[in-house]
Structures are given as C-alpha cells and as structure tokens.
Amino acid sequence: MQVTFVVCLFILALQVTYISFFLLAFLKKRNEIELQPQAVSVIVCAHDEEKNLKELVPLLLQQDHPLFEVIIVEDRCNDGTFDYLLEETKKDARLKMVRVVQKPDHIQGKKFGLTLGIKAAQYDWVLLTDADCRPLGTDWVKSMSRKFTAETQIVLGFSSYERRPGLLNSFIRFETLLTALQYMGFALLGRPYMGVGRNLAYRKSLFLDNKGFNNYLSVTGGDDDLFVNQHATGKNTRIVMGKEALVYSKPKDNWKEFYFQKLRHLSVGKHYRFSSKVLLGLFSLTWMGVWFFVLPVLF
C-alpha cells in the first residue's frame, strides 16, 4: 500500500510540474514585436479534393492581406480538381496550380507535392494548410505573417476540429487541444518539437537549404512535425494564438478512421530527437498514469 501511495504521488507530482510550466508559459506577458504583414505563399496539397477546394479556395482568396498568393498542388487527382482549378486560375492571378502527374517511387506523395509547391512559391514565407481546413475569418494569413521577424524561421499555429455531436468528436477535440498545449507550451519554453501542417509557416529558404524532407522521404507522414522537430529551436520559432489565426478542420467520423490516423501520427514520433522523446514520453506516461492508475486507486 505504501509503494502504491508513493507511485501515485510521483505521477501526480510530474503531471503538476508539467501543467504548471505550461500555464506559466502561456500566462507570461511578452513584449513581442509584431511586424506589418509580410508577403506569403499559401500552399495546399490536394488529392481528389474538388469538393473541399470549392469551399476553401474562395476563403483563401478573400483573406485581408496586402501581398499573397495561393498555390494548390493538384496531386494526381481522379476527380474534377484539375478542371476546377484551371478555370479558377483564369479568374484571379493570385491563384496558381502546380500539377503532379507522376511521383518517384521512393517519395511519399504529399511530401513530393509539397516540395513542388514550395519550389514554385515566389515568396520566402510559405504558409501551409490542408484542403479540408477552413480559416475562421479573413485575418488568418495576416495574423500568421505578423510573426515573420528577421530572426524567425518557423511559425506554429493552432488548428482545431469542427464541433459535431457525439463522444468521438468530443474526444478528438479534447485530444487536439491537449496536443496543442504540449507543442505550443514547449515552444514557449524554448523547446519546440512539432507543428501541425494544417496551420504551419516556415521560410522557403530554410526548406531548400536543408534539402526539404530528404531525411525522411520514405516515412509515411512527418511532413509537418518531423520538419519542425529537426529544424526548430527556441530562437527561430514563434507561435501564434488567438481566433484570428485559427484554422478549423473536418474531424474523422468513426473510431476506426481516427484510430489509424492517430497510429500514423504516433509512429512518426520514433523519429523525433531524443530530448523530445524523453519530454513527451514522461508527460504521456504520467498523463495515462493519472487516468488508469491514480484515479482507480483513489476510488
């Protein structure tokens, strides 16, 4: 009984320590300089996303920003995406299409598409999102670009999921918030380790100088979190909070799809830096320990 009590105290102490540091990091006042909005290339990689693009593209072109372009990577689509984009690019010069007809066998599809999109960008700052995402308002691009200082190379944003009825949706939104608490909290503490490709910006020069996704081309996923994990530091990374910079995404509709999505995300974690694995591992183990050990013991 005494050993059980000591283990419970240890788990609770670590969780309280983590949460306290996160809260202090978020609550701390910062005198950060926000620049005037910078030129930016918004890039979306899309595979058979005609329906989503018909909703997203107008929202992107309506962004209240003085200088930006929208690049849609048409990644071997089998639907009407190409025809739709071809017509839309004639209406607005800010909208461009990059087409992937065939990809090399050794490169994962989205990584190859994003690489072509980034190379085609005319501005140094690229802002990434997905076809099934929607910016909350017209200030998303402006809000993200205000963090593009001379020293900054990576900007992390938050992407939540749409609110829908049901336990699965509640769990997805809670889990997404918990993940954001970790990656934004650690970034504020000077230890950035990941970002989400639904709302992420970095310099084109950073991408090209480090040969893009070359170190993990064969890994399924990782086009966002592994890139940030490899290149983000406490000095070159900033985060953006607030509803103006928020992007919503469409959640999975069933537990099976969500399970395989999380399995894919978690499998990428083994490629993180060792220090990131330790910090995240301790947090995850003690978090689960609270729910599956401490609470049952208390009951």
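What you see is a predicted model; the values in this text were computed from it and never measured.

Turning our eyes to something else, we now look at the pattern of salt bridges. A full pass over the atoms with the stated rule returns 17 salt bridges. Across the pair Glu50 and Lys54 runs a salt bridge whose closest N-O atoms are separated by 3.2 Å. With Glu50 and Lys54 both in helix α2 (residues 50–61) and 4 residues apart, the pair spans about one turn of that helix. A salt bridge links Lys110 to Asp130; the shortest N-O distance between them is 3.1 Å. Linking Lys110 in helix α4 (residues 109–120) with Asp130 in strand β4 (residues 125–130), this pair joins segments that are 20 residues apart in sequence. Connected through salt bridges with shared partners, the residues Glu55, Arg134 and Lys250 form a single ionic network.

For the rest of this paragraph, the subject is the environment of Ala150. Following the sequence through the fold, Ala150 ends up in the loop between α5 (140–145) and β6 (154–156). Given a relative accessible area of 67%, Ala150 falls into the exposed group. Placed 86 residues apart in sequence, Ala150 and Asn236 show a C-alpha to C-alpha distance of 9.3 Å.

Before going further, it helps to spend a moment on the environment of Asn236. Tracing the backbone shows Asn236 in the loop between α8 (225–231) and β9 (237–239). Residues Asn236 and Met194, 42 residues apart in the sequence, show an inter-C-alpha distance of 13 Å. Once residues lying within four places of it in the same chain are set aside, the contact partners of Asn236 are Glu151, Thr152, Gln153, Ile154 and His231. At 3.0 Å, the side chain of Asn236 and the backbone oxygen of His231 are in polar contact. Separated by 2.7 Å, the side chains of Asn236 and Thr237 make a polar contact.

Okay, helix α9 (residues 255–268) next. For α9, which comprises 14 residues, the first-to-last C-alpha distance of 20 Å matches the rise-based estimate of 20 Å (1.5 Å per residue) to within 8%. Those residues of α9 that fall on the buried side of the exposure criterion are Phe258, Gln261, Lys262 and Val268. Here the buried residues of α9 occupy an arc of 115° about the axis, which is enough to place them on one side. The outward face of α9, more than 90 degrees from its buried face, is lined by the exposed residues Lys256 and Leu266. Where the residues of α9 are buried, they touch β7 (159–161), α6 (167–188) and α8. Capping the start of α9, Asn254 holds a side-chain oxygen 3.2 Å from the backbone nitrogen of Lys256, two or three residues further along.

For strand β2 (residues 68–75) and strand β3 (residues 95–100), the ladder comprises 6 bridges, and the chain directions are parallel. Paired with Val73 across the strands is Val98, a residue of β3. After leaving β2, the chain enters helix α3 (residues 81–91) and then returns to the sheet as β3, a path that is right-handed.

This part takes up the sheet that holds strand β10 (residues 247–249). Ordered in space as β5-β10-β7, the 3 strands form an open sheet in which the pairing is mixed. Both outer strands of the open sheet, β5 (133–135) and β7, are each paired with one neighbouring strand and no more. When strand polarity is set aside, the average angle formed by the axes of neighbouring strands in this sheet is 30°. As defined by bridge partners, β7 adjoins β10 across 3 bridges and the pair is classed as parallel. Looking at β10, one finds that Tyr161 is bridged to Ser249.

Attention now moves to unusual backbone geometry. The residue Asp48 is not glycine, and still its phi comes out positive at about 55°. Of note in this structure, Lys211 is not a glycine but carries a positive phi near 60°. As for its placement among the helices and strands, Lys211 is situated in the loop between α7 (204–209) and α8.

Of note, Val268 is situated in helix α9. The spacing of Val268 and Val101 is 167 residues in sequence and 27 Å in space, taken between C-alpha atoms. Excluding residues within four positions of it along the chain, Val268 makes contact with Val219, Thr220, Gly221, Gly222, Asp225 and Leu226.

Sheet strands associate in pairs through backbone hydrogen bonding, adopting either a parallel or an antiparallel arrangement. Taken in spatial order, the 7 strands of this open sheet run β3-β2-β1-β4-β8-β6-β9, and their pairing is mixed. Because the sheet does not close on itself, it has two edges, and the strands there are β3 and β9. Across the sheet, the axes of successive neighbouring strands diverge by a mean angle of 20°, strand direction being ignored. Taken together, the 3 bridges between β6 and β9 define a ladder with parallel strand orientation. Opposite Val155, over in β9, you have Arg238 as the bridge partner.

So, how was this worked out
Throughout this description, residue numbers start from 1 for each chain and increase along the sequence as written. Two thresholds apply to this predicted model, a pLDDT of at least 70 for residue-level local features and 80 or more for giving and counting side-chain atom pairs, whereas whole-chain, interface and lining totals are computed over all residues. For side-chain calculations, the full set of non-hydrogen atoms in the structure is used, while hydrogens and water are omitted. By definition here, a salt bridge exists when the distance from a side-chain nitrogen of Lys or Arg to a carboxyl oxygen of Asp or Glu is within 4 Å. Only DSSP runs of H or I covering at least 4 residues are called helices, and only runs of E covering at least 2 are called strands; the numbering of each starts at the N terminus. When a residue's accessible area, from a 1.4 Å probe over protein chains only, is under 20% of the maximum for its type it is buried; when over 50% it is exposed; and in between it is partly exposed. Residues are treated as being in contact if the distance between any of their heavy atoms lies within 4.5 Å. Whenever two N or O atoms come within 3.5 Å, that pair is a polar contact, provided that in protein one can donate a hydrogen and the other can accept it, and provided that, for residues adjacent in sequence, both atoms are side-chain atoms. Here a helix's expected span is defined as the number of its residues, less one, multiplied by 1.5 Å. In this description, the arc belongs to the directions extending from the helix axis to the C-beta atoms. The pairing criterion is simple: DSSP has to find at least two bridges between the two strands. Convention used here: a crossover is right-handed provided that the path from the first strand, over the helix, to the second strand proceeds clockwise when the strands point away from the viewer. Simply put, an axis is a line fit to the C-alpha atoms, just over the touching stretch for a helix, and the angle between two N-to-C directions goes from 0 to 180 degrees.

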